[in-house]
Structures are given as structure tokens and as C-alpha cells.
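Results of the structural survey
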Amino acid sequence: MSKLVAVYSDDRKLLEAADQLIAVKAPVEEVITPFVIEELLEKFHVKSNIPLLAFFYGLFGVTSVFAALYYTFVIDYPLNIGGKPNLSLTFPVLMFIGTVLITVLSTVVTFFVEAKMYPGKEPEFSYPGINDDKMVILIDKSKLTPNMESQLRDIFETTGAEKIDEYHQ
Amino acid sequence: MYKKEVRGELILGNKSYGDITRDILKSQEEKAPMWWWIAFAVFFVLMAVGLGYFVPLTIANGIGMWGNNNQVPWGWAIINFVWWIGIGHAGTAFSIFLLVFRQKWRTSINRAAEAMTVFAVLAAGLFPAIHVGRPWDEFFIFPYGPNSRGLWVNFNSPLLWDVFAIATYLTTSAIFWYIGMLPDFATVRDRSKGIKRKIFNALSFGWVGSMDKWRKFEDTLIILGGLAMPLVIAVHSIVSTDFSAGILPGWHETIFPPFFVVGAIFSGFSMVVTLMVLIRKAFKLQDYVTDDHFDAIARIITFVSLIMGSAYLIELFIAWYSANTYETYVFDENYLKGHYAIPYWLMLIFNAFLPQLFWFKKVRRNLTWIFWITIGVNIGMWLERYNIVVPPAAEDFLPANWFHYASTIVDKWVYLGTIGLFGVGVLLFIRFIPMMAMNELKQQAKRHTELEPTDVQYHAIKKLLEDE
């Protein structure tokens, strides 16, 4: 698969290019940056479902820890500790900690699964400097209409791309 | 919102993104300096002797090797435990509180603070583990089911909450630290060859800074931060409940949970500052850890010190106001002018009075002053835990039982061993892991140049002016 690669070293120029690419509805496959650029994510409407999932993990955590405490202390082995009730007000302490633990672990697993990351994985795309000081815009050439490539090259040139390159996978 | 005119520049020297990478990775790409080897050797010896000899000695012979006695069953072990846990709150206080409150000046310091958290909590966890006397029975703490013994663990006990709270805190802090490092591991991977590349390739999990990954990365970090923030309050409140659930005068206080949490943040911040002063000097990182950073931290330390001072006063006042003989005895006879007056007054000086020097701008911006005041706070916070743990237990309700506490050589060496563990951990961290979050620093560098026109804007403005 062949890709058009525009390399920038200034994030403001990159953002200008992004504006113009969005205006011409260019098939932008990916923009890779060495640090997060919030404005870029907003422009491309990049969203994630992690916050919503984390909320459900939290709900699962709080109910499962309560169920475990209720089972052990009320159903399975009710102890008489000075006549105190078995369904104790001390439950929320462990419910809170257990919920945090379950939510943290599940959220992190979700992050790695959704981002398709695992130890030892080779990077899906590599280009000199993309984790250092270079930002690249990737365009899937197979999705370009006939005249579009030259139009995009113009955009890259006018917005001050440092280099326009081709990448073959 | 970060206001440059109020807080000052975050990164000095007009750094480019490439400069940031080079400056931060210099410590691991160049040969280790001599001081690093000397410091590593010293801490390694402490760790090897303390943990390699005196901990097995304790396990083999029992905790009779320590200074604990019937009257003072908790000695240095719990003092050190609470002290290390307090320092361990540095990462949360710095990194997570400031992340959630969007305080951008955290950027240069958060990575080191998180590293300290992990090593400090590891050091802390050792003490309860060996204090139980028979560590091989520790699996009984975990609720793996009643089948073998016929009963469950006591979920009502603050000591059991501690096991879960600290295990969860360690897990969350370590994960938060690691996830935050993924982009920087990828930077190191791209600059390395051979075995080093392989290691950092494994560590970076194949990271590529695509938009989707950045979105997920940011969301995951803020969620972990949001969850860890109340956790830090819970952890230290629970540690304090270990004491305040007891009936001893001097322990049985409702003020303990907030008092402990604030104290933990106090000692955590101070330890971070102490180490950042050293790191800045050693690696010449004054462009990244600026005087403005220290100024901001010193202001927080002053504020927290005032809270600590107020808490000490409230304790004294309530003891007097309660008119309870035993309570008054602890504070009036024992602390203020009795057997434990020296550690008590030293604690007041180090924690409540000395940090007040930070009201002076000159002190806040002088590294020598900052270093020694924060060292003082670290000592003061250790003494505070000593004052809580030992005096109330040594002289309780029945004078016939009174028995004073003296630590043994084993106590001291186990403590030194954990200092060795912490030192070795921190030294390995600054040598092998990017010690500042490069991706976040680059984000800050971007903010710096936001107001300058780009080339396209510049030419457009120039053309407009020419046309006119």
C-alpha cells in the first residue's frame, strides 16, 4: 500500500494544513505527532469510548465488591462482633478501594486492546523523527481521486511542509 | 489556565522539540558520571546489608531482634512504614492532583515524582510484611475462601483495609507511571540500536503517536488520575485509622485522617523538591526545572506547613479542653516538657516553623535554602511519626506498665536498607528511563510559541501591510 507523507516540524503549520485538508475532504489516513495536539484531535473529531467504558467498569466494581462482602459477612459466615450488624457501615471503604482497583485494571486492559498494543510489538508505521520532532500527515493514495494528489501536494507546499515523501508498505 | 506572567516561563532557552529530546536523554545516552557510580555503590551497599542481611536475620530470629517491647509493640517498623507511604504520596500529589487541576508546571517534575512513589511504596510495603513475624503465613490476609480454615478475613479491620489500599495504590501508581512513559519509550526506541532497541521496543508496546492513540492515552491517564486522587486520601486515612481506632490517648483522635493526608503530601512534596534540586544540579537541567518551579512548590509547602502547624495546635488545645487526665498527660507532660520533648520540639521546628522562611521570595528562589528546609521537613515528618507511635504507647494508663522504647541496630539497618532500595531505584531510574516526560515538555514548548505568527501568517501580514 502506497502512502503520501507530508512531514512538518512546526505544529502550527501542521494545523493549517489540517484545516485545508478537511476543507477539501482529503482522505487523511492518519496524523502522527510526537506529543498530543488537542486542537488536531478536535479538528478531526477523534473520540474514544474509554471514559464511558470506565464508568461501567466502576459500576461493575462497586456491585461486585459489595456482593462479595455481603456474601462473606452476611450469608456465608456471619460473625457476632459485640452485637454489631453484619451489614456493616465499614463496607464502603473496601467497596471504594475494590472499585478503584477493578476500574484501573479494566481501563488499562481496554486501552491496550483498543490501541492494539502489546509488549514487543513492532511499530505499525515508522519514519525518522516521528517520536522526536517531526509530525507527519499520511494520505492513502489508493483513495485519491485523479487530480487530488497534485491538489494535496500544493496544500502541503503552501503550508510549509518540510518534506513530501512516499511511503510503501 | 496557566498564566506565564504570573508563574514565569516553564521552559527556558527557547528549546526546539529536538533540543528537548536531546537534553532529557543526555543522562542515558552519555556515560554515567563518576558521582552516579559512587552514589549507586553507597546505596547498593546499604540495600545489600539492610535488606540482604538484617531482614533475613529478623525473619530467622523473629521481631525480638527489634526494639519493640510489650508496651511499645509498634516501633521503627511502623514509623518507617508511614514515613515511606507519606513520601510515596509525592507522585499522586504532584502528578495526579496537578494533572486533574490542569497545573501545567507539573510537567518537568511529574515523572520523577511518580518514580519516587513507586520506590517509596515498595520500601513501605516491606515493613508490615516483615513485622508480622511469620511472613510465610501472609497469604492468610487475602480472602481466598474459607474452605481451608472455615472463616473469612475480617473486612472490618483497618489493618486489612491497609493491605488492600496499599496494594491498590501501588498498582495504580505503577500503571499510571508506566502508561505515561509509553511515548517516551518509543522515542528512546527510535534512537537506539541492537539490544537497547529491542528492550525499548518491548517496553513501548509498539507505540506510534497517531491521533487515535493520543486520544485513548489522554483519556486513560485522566481516568487513572481521577481514580487515584481520592485513593491517596483513602490510603492515608486508612493508615491513620490504624491508630485512631485504638483507645490510647494520643492515638484516639478524629483529626488523624486529614492530619495524616496533609502530612503525607507535605513530606512527599519535600522529598520531590530535595531530589529535584540534586537532579537539576547534577544534570544541569535549570532550563526545565526553573526557579519558578521551585517558587511554586515552596508556596504549596508553606501553605501545607501552616495546616500542619494548626493541626499540632488543635491537638494541644483539644487535650487541654477535654480535661482528660490521660490525654493532658500525653501532650503536656510527655510531649511539651517530658521524656519526649526533644523529638516533639524538633518536629515543631522542622515542620511548622522552618518552612515559614518560604514567605521570603529570596529563600523560595535559593536552591541551598530550599534543599535544607526540605531535608528538615523530611526529618521532621519522621519525628512526627515517632511522636505518634512511641510516646503514647510507652506511657499509657498504668504507670506500673510504663516502659520506654529504644531501637536496636537491626531496626536501624533495616531502615537504612530501605533508604538504599529507594536510592538504587531512583538512580537506576535517572540512568535508564527518560526522567522527564518529554512528550509533555514538548506540549509545553508548543504553548510557548503559540502567539508567534507562522511563516504563512507572517507573509500574509507582510503582504497586507505592503498593499496598504
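Residues numbered from 1 in each chain as written. Chains lettered and ligands numbered in written order. Predicted model: local features only at pLDDT ≥ 70, side-chain atom pairs only at ≥ 80, totals over all residues.

Counting its regular elements, chain B contains 17 helices and zero strands. By the compact-globule yardstick of 23 Å for 468 residues, chain B fits well, its C-alpha radius of gyration being 25 Å. Summarising its shape, the C-alpha atoms of chain B cover approximately 95 × 50 × 45 Å along the three principal directions. Going through the 468 residues of chain B one by one, you find that 47% of them count as buried. Pairs at least 24 apart in sequence give 81% of the contacts found in chain B among residues at least 6 apart. (Helix = DSSP H or I, 4+ residues; strand = E, 2+ residues; numbered from the N terminus. Rg over C-alpha atoms; globule rule 2.2 N^0.38 Å. Buried ≥ 20, exposed ≤ 12 C-beta atoms within 10 Å, placed from the backbone. Contact = placed C-beta atoms within 7 Å.)

A few words now on the overall build of chain A. In terms of helices and strands, chain A carries five helices and four strands. Beginning at the N terminus, the succession of helices and strands in chain A can be written as β-α-β-α-α-α-β-α-β. Compactness check: chain A gives a C-alpha radius of gyration of 25 Å against a globular reference of 15 Å for 169 residues, more than 25% above the reference. Each principal axis of the C-alpha distribution contributes one length, and for chain A these read about 80 × 30 × 30 Å. Counting the 169 residues in chain A, one finds 33% classified as buried. By sequence separation, contacts in chain A at least 24 residues apart represent 83% of the contacts at least 6 residues apart.

This part is about the sheet that holds strand β2 (residues 28-32) of chain A. Residue and element names in this part refer to chain A. With antiparallel pairing, the four strands of this open sheet are ordered in space as β2-β3-β1-β4. Two strands in the sheet have a free side with no partner beyond their single neighbour: β2 and β4 (163-168). Direction aside, the axes of adjacent strands within the sheet are offset by 25° on average. Across the face of the sheet, helix α1 (residues 11-23) comes into contact with β1 (2-8), β2 and β3 (135-140) while running at roughly 135° to β1. (Pairing = 2+ DSSP bridges. Axes fitted to C-alpha atoms, helices over the stretch in contact; angles between N-to-C directions.)

Attention now moves to the environment of Val188 of chain B. By secondary structure assignment, the location of Val188 of chain B is in helix α6 (residues 158-191). The class of Val188 of chain B is buried, set by 26 C-beta atoms lying within 10 Å.

For the rest of this paragraph, the subject is the packing of helix α9 (residues 256-283) of chain B against helix α14 (residues 367-394) of chain B. Residues and elements named next belong to chain B. Look at α9 against α14: their axes get within 8 Å of each other, and the N-to-C directions meet at 145°. Two packed elements cross with a definite hand, and for α9 against α14 that hand is left-handed. Here Gly263, Phe266, Ser267, Ser270, Met271, Val273, Thr274 and Val277 of α9 lie close against α14, whose contacting residues are Leu367, Ile370, Phe371, Thr374, Ile375, Val377, Asn378, Met381 and Glu384. Here the contact of α9 with α14 is built from residues that sort into ten nonpolar, six polar and one charged. (Left-handed = near helix turned anticlockwise from the far one by under 90°. Nonpolar A, V, L, I, M, F, W, Y, C, P; charged D, E, K, R; others polar.)

Between chain A and chain B, the residue contacts involve 58 residues of the former and 52 residues of the latter. Within the residue set of the side of chain A that touches chain B, elements represented by two or more residues are α1, β2, α2 (38-43), α3 (50-76) and α4 (91-114) of chain A. Looking at the side of chain A that touches chain B element by element, the count peaks at 13 residues for α4 of chain A. Its residues placed into classes, the side of chain A that touches chain B shows 33 nonpolar, eleven polar and 14 charged.

Here the focus is the domain arrangement of chain A. By the assigned domains, chain A splits into domain 1 (2-34 + 129-168) and domain 2 (50-114). Of note, the centres of domain 1 of chain A and domain 2 of chain A, computed from C-alpha atoms alone, are 48 Å apart. (Domains from an automatic or database assignment.)

Let's shift gears to the nonpolar core. Core analysis: the biggest nonpolar cluster contains 173 residues, and Ala17 of chain A together with Ala112, Met116, Phe269 and Val272 of chain B have the highest contact counts within it. Per-element tally for this core: the top contributor is helix α4 (residues 76-100) of chain B, with 16 residues. The residue makeup of this core includes at least three contributed by each of domain 1 (2-34 + 129-168) and domain 2 (50-114) of chain A. Once you skip the residues sitting within four places of it in the chain, Val272 of chain B turns out to touch Ala90, Phe94, Ile109, Ala112, Ala113 and Met116 of chain B. (Core = buried A, V, L, I, M, F, W, Y, C linked by C-beta atoms within 7 Å.)

Another aspect to go through is unusual backbone geometry. Residues and elements named next belong to chain B. With phi around 55°, Phe205 is a residue other than glycine that occupies positive phi space. As for its position among the elements, Phe205 is in the loop between α7 (194-204) and α8 (211-244). The phi dihedral of Lys284 falls on the positive side, at around 50°, and the residue is not glycine. Mapping Lys284 onto the fold places it in the loop between α9 and α10 (291-322).

On to the confidence of the model for chain A, then. Summarising the model, chain A shows a mean pLDDT of 87, and 99% of its residues fall at 70 or more. When mean pLDDT is taken per element in chain A, α4 of chain A scores highest with 93 and β4 of chain A scores lowest with 79. (pLDDT = per-residue confidence, 0-100.)

In this section: the packing of α4 of chain B against α8 of chain B. Residues and elements named next belong to chain B. Relative orientation of the contacting elements α4 and α8 amounts to 155°, with a least axis distance of 9 Å. As far as their axial angle goes, α8 and α4 are roughly antiparallel. As for how α4 packs across α8, the hand of that crossing is left-handed. On the side of α4, the interface is formed by Val82, Ile85, His89, Thr92, Ile96, Phe97, Leu99 and Val100, while α8 contributes Gly225, Gly226, Ala228, Met229, Val232, His236 and Val239. Partitioned by chemical class, the residues of the contact of α4 with α8 number ten nonpolar, five polar and no charged. (Parallel < 35°, antiparallel > 145°, perpendicular 65-115°, else oblique.)

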